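# Reading the structure
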Amino acid sequence: MPPTLASLVHHSALKLTVRAGEERLDTPVRWAHASELADPVPYMEGGELLLITALKLDAEDPQAMRRYVKRLAGAGVVGLGFAVGVHYPDIPKALLDAATEAELPLIEVPRRTPFIAISKAVSAAIAEEQYRAVTAGFSAQRELTRQALSDGPEGLLLALAGQVDGWAALYDASGAVVATAPEWATRRAARLTADVERLRERPAPASSVVAGAEDRVELHSLGTGRRPRAALAVGTASTLGTAERYAVHSAIALLTLTTERSRALHAAEQRIGAAVLRMLLAGEPDHARTVAGDLYGGLLDAPFRLVVAEVASASAARVRAGAAPGPEESGEKAGAPAPAATSAAVLAVAAASVGGDPLAALVDIVETAAARSGEALLVVPYGERLVLLVVDGGAGARACAQYAAALEAGRGAAGREATASGEEPELVMGLSAPAGPIAAATAYKQAEQALSVARRRGRALVEHEELAAGSVLPLLADDAVRAFADGLLRALHEHDATGRGDLVASLRAWLSRHGQWDAAAADLGVHRHTLRYRMRRVEEILGRSLDDPDVRMELWLSLKATTTTTD
């Protein structure tokens, strides 16, 4: 405890006597200061014991003393020491009455006690308190370190809660509660999730205070990068003292070391995951299983799905280029992920972004969901893309779908306008059908195909099953397909525009009836010979034979593409 007026009064060497304000002697003293100014308030900070001899005061004037004492109390002065036997043989009654009225402790200092002795006593007590706090802090640091090494973060939180006489909680990168101590604090910690999420938006290190009716909570971000890796909450009944502050800072340092060590392990695991994925896509499932070991082995024992994701800027660039470049175009083996160095660099860039990288957000969400359910998860950054291998029907796959739904729902009216204009959401993902290690390469191609469709349709996520269950016709809305159709049918449209016959409608009817002359002529309301003549004109104008099934297919798709455009 810091020195108080009571501890100074009980100091045997000072011989101090209390003359007023006995009920406030337990007030802490920050410093002892001597001043003979008529108004020393401008030089006070609060918490001082002011020592005077009344050299420049009219200590016998009641009104002057009331004003003097009132200003001292208003400035936060905790006590007034009056030296008797210097200018006044005793404390003047006007000053004594003013101090009593203001309930300001008034202490009589005997002639043989110099002010410097009081100042030294206060200074020594403050230094002793600081030494005790530092010693207690080092002791707390040793205890917290021992608990962290033996019992991990849970043991550290339990020790910290005992040190601060309160509770402590650890949150992961998503703001979810990971551990609390004591157990009764779990519900209290869960109510702070929104505050932790706001703290994550600020560059680390960051802290904030949440004052509630039941306690005072300090929140601290953990991690050395710009994006916090976790957060620590410490709840106490009052403001932390010096020793408790040392304990909290020690806990922050130890938990930061733990999270940074976890990052290093995570990077090593990611390099192993990249190797496993390369082997799977290269058709070497046995080697992949051997390398995966216990780390990813469980993931390969059950059906899994492959997710390929990329941000809008990357996918938009590929659309402008006309096609999505494959591994061959970048000088890599088909179906193989990028080298580990490139993957680590991409991950570092994503992790450095604060609240603006949808790929990094996807990783956080999926990793958190998988960790909570105890699922294995494989995440491999690959150039501008991200490849994930998740358990079929597991928490990771559900998290991908939920994140995609949230992206599409969050766009609102602006998103619908973007879709109508051909723009796409911030993130696009393709999800393969369930597969096993032997079919990993096929699953990767399925995910890429689904990604391409998601990009064209302006969707955040498309599953490969949707491609087989749907229709090929929506794919004809592509600009390149429409341009091809317009070019192929232009001569027929120009012919019809002159009023010399309805070749386009006749061609559509004939193709829809699979080349059956009578049925197509009946649909058009013309004689079959008229229809035969029109089809010969189509062949002459296009320079193509309608007996060729490829020509029929191209013409039919072109007609459907132009019909879709018209609709």
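Numbers given to residues run from 1 along each chain, matching the order in which its sequence is written. Totals for whole chains, interfaces and linings use every residue, but because this is a predicted model, local features are given only for residues with pLDDT of at least 70 and side-chain atom pairs only at 80 or more, for both listing and counting. Neither water nor hydrogens contribute to the side-chain values; these are computed over all heavy atoms in the structure.

## Focus on the sheet that holds strand β9 (residues 216-222)
Overall, antiparallel pairing links the 5 strands, which are arranged β7-β6-β10-β9-β8 in an open sheet. Whereas interior strands pair on both sides, the edge strands pair on one side only; in this sheet they are β7 (177-181) and β8 (207-211). In this sheet, neighbouring strand axes are inclined to one another by 15° on average, regardless of whether the strands run parallel or antiparallel. When β9 meets strand β10 (residues 230-236), the two strands line up antiparallel, connected through 7 bridges. Bridge pairing in β10 links R216 to T236. Should any heavy atoms of two residues lie within 4.5 Å, those residues are considered in contact. All axes here are fitted lines through C-alpha atoms, helices being fitted over the stretch that makes contact, and every angle between N-to-C directions spans 0 to 180 degrees. To qualify as a helix, a DSSP run of H or I must reach at least 4 residues; to qualify as a strand, a run of E must reach at least 2; elements of each kind are numbered from the N terminus. Here helix α4 (residues 115-164) sits on the sheet and contacts β6 (167-171), β7 and β10; the angle it forms with β6, its principal contact strand, is near 150°. Along the sheet, helix α6 (residues 193-200) contacts β6, β8, β9 and β10; its crossing angle with β9, the most-contacted strand, is approximately 40°. One requirement defines pairing of two strands: DSSP has to find at least two bridges between them.

## Considerations on the packing of helix α15 (residues 479-497) against helix α16 (residues 503-512)
Between α15 and α16, the least distance of the axes is 8 Å, while the angle of their chain directions is 125°. Considering their axes alone, α15 and α16 lie oblique with respect to each other. Seen from α15, the contacting residues are L492, H493, H495 and D496; seen from α16, they are L503, V504 and L507. Side-chain classes are defined by residue name, with Ala, Val, Leu, Ile, Met, Phe, Trp, Tyr, Cys and Pro counting as nonpolar, Asp, Glu, Lys and Arg as charged, and the others, Gly among them, as polar. Looking at the contact of α15 with α16, its residues break down into 4 nonpolar, 2 polar and 1 charged. Any angle between 65 and 115 degrees counts as roughly perpendicular, while under 35 counts as roughly parallel, over 145 as roughly antiparallel, and the rest as oblique.

## Examining the packing of aromatic side chains
Geometry of aromatic contacts follows a simple scheme: Phe, Tyr and Trp rings, the Trp one being its six-membered ring, pair when their centres are within 6.5 Å, and the pair is stacked under 30 degrees between planes, edge-to-face over 60, tilted otherwise. Applying the stated criterion to the full structure yields 2 aromatic pairs. Note on W510 and W517: the rings are 5.4 Å apart at their centroids and 35° apart in plane angle, and the pair reads as tilted.

## A look at the side chain of R305
Structurally, R305 can be placed in strand β11 (residues 304-311). Pairs of N or O atoms are called polar contacts if they sit within 3.5 Å, as long as, within protein, a hydrogen donor faces a hydrogen acceptor (for residues adjacent in sequence, only side-chain-to-side-chain pairs). Within polar-contact distance, the side chain of R305 engages the backbone oxygen of S432 at 2.9 Å. A distance of 3.2 Å separates a polar atom in the side chain of R305 from a polar atom in the side chain of E465. Each residue touching R305, except ones within four places of it in the same chain, is listed here: L388, L389, V390, D392, L431, S432, A433, P434, E463 and E465.

## Let's talk about the pattern of salt bridges
Each reported salt bridge corresponds to a side-chain nitrogen of Lys or Arg within 4 Å of a carboxyl oxygen of Asp or Glu. The tally for this structure, following the rule as stated, stands at 26 salt bridges. For E129, the salt bridge is made with R132, and the minimal N-O distance between the two is 2.7 Å. With E129 and R132 both in helix α4 and 3 residues apart, the pair spans about one turn of that helix. When the shortest N-O distance is used, the salt bridge between R216 and E218 registers 2.9 Å. In terms of burial, R216 and E218 fall into one category: buried. By sharing partners, the salt bridges in this structure join R305, D392, E463 and E465 into a single network. Only protein chains enter the area calculation, which uses a 1.4 Å probe; residues under 20% of their type maximum are buried, those over 50% are exposed, and those in between are partly exposed.

## Side note on the packing of α16 against helix α17 (residues 517-524)
Close contact between α16 and α17 brings their axes to 8 Å; oriented N to C, the two are set at 135°. One element, α16, and the other, α17, form an angle in the oblique class. Regarding α16 and α17, the two cross each other, and that crossing is right-handed. Residue-level contacts link A505, S506, A509 and W510 of α16 to W517, A520 and L524 of α17. Class assignment for the residues of the contact of α16 with α17 results in 6 nonpolar, 1 polar and no charged. The crossing is said to be left-handed when, going from far helix to near helix, the turn is anticlockwise and less than a right angle, and right-handed when the turn is clockwise.

## Comments concerning the pairing of β11
Taken across its 8 residues, β11 has 8 buried, putting it largely inside the fold. Burial along β11 is two-sided: F304, L306, V308 and E310 facing one way and R305, V307, A309 and V311 facing the other are all buried. Here β11 runs beside strand β13 (residues 385-391); their pairing, made up of 7 bridges, is antiparallel. Across the sheet, F304 pairs through a bridge with V391, a residue of β13. As paired strands, β11 and strand β14 (residues 427-431) are joined by 5 bridges and run antiparallel to one another. Along β14, the bridge assignment pairs V307 with L431.

## What about the sheet that holds strand β3 (residues 48-52)?
Overall, mixed pairing links the 5 strands, which are arranged β1-β5-β4-β3-β2 in an open sheet. Single-partner strands in this sheet number two, and they are β1 (17-20) and β2 (31-34). The mean angle between the axes of side-by-side strands here comes to 30°, regardless of whether they run parallel or antiparallel. Pairing analysis gives 4 bridges linking β3 to strand β4 (residues 79-83), with the strands arranged parallel. Along β4, the bridge assignment pairs L51 with G81. Running at roughly 75° to β1, helix α3 (residues 93-102) makes contact with β1, β4 and β5 (106-109) of the sheet.

## Re the environment of A404
Within the element layout of this structure, A404 appears in helix α12 (residues 395-420). A relative accessible area of 4% places A404 in the buried class. For the pair A404 and R459, spaced 55 residues apart in sequence, the C-alpha separation works out to 8.5 Å. The contacts of A404, once residues within four sequence positions are left out, are M429, A460 and L461.

## Observations regarding the side chain of S432
Mapped onto the elements, S432 comes out in the loop between β14 and α13 (440-457). By relative accessible area, S432 is classed as buried at 0%. At a separation of 2.9 Å, a polar atom in the side chain of S432 contacts the main-chain amide nitrogen of L306.

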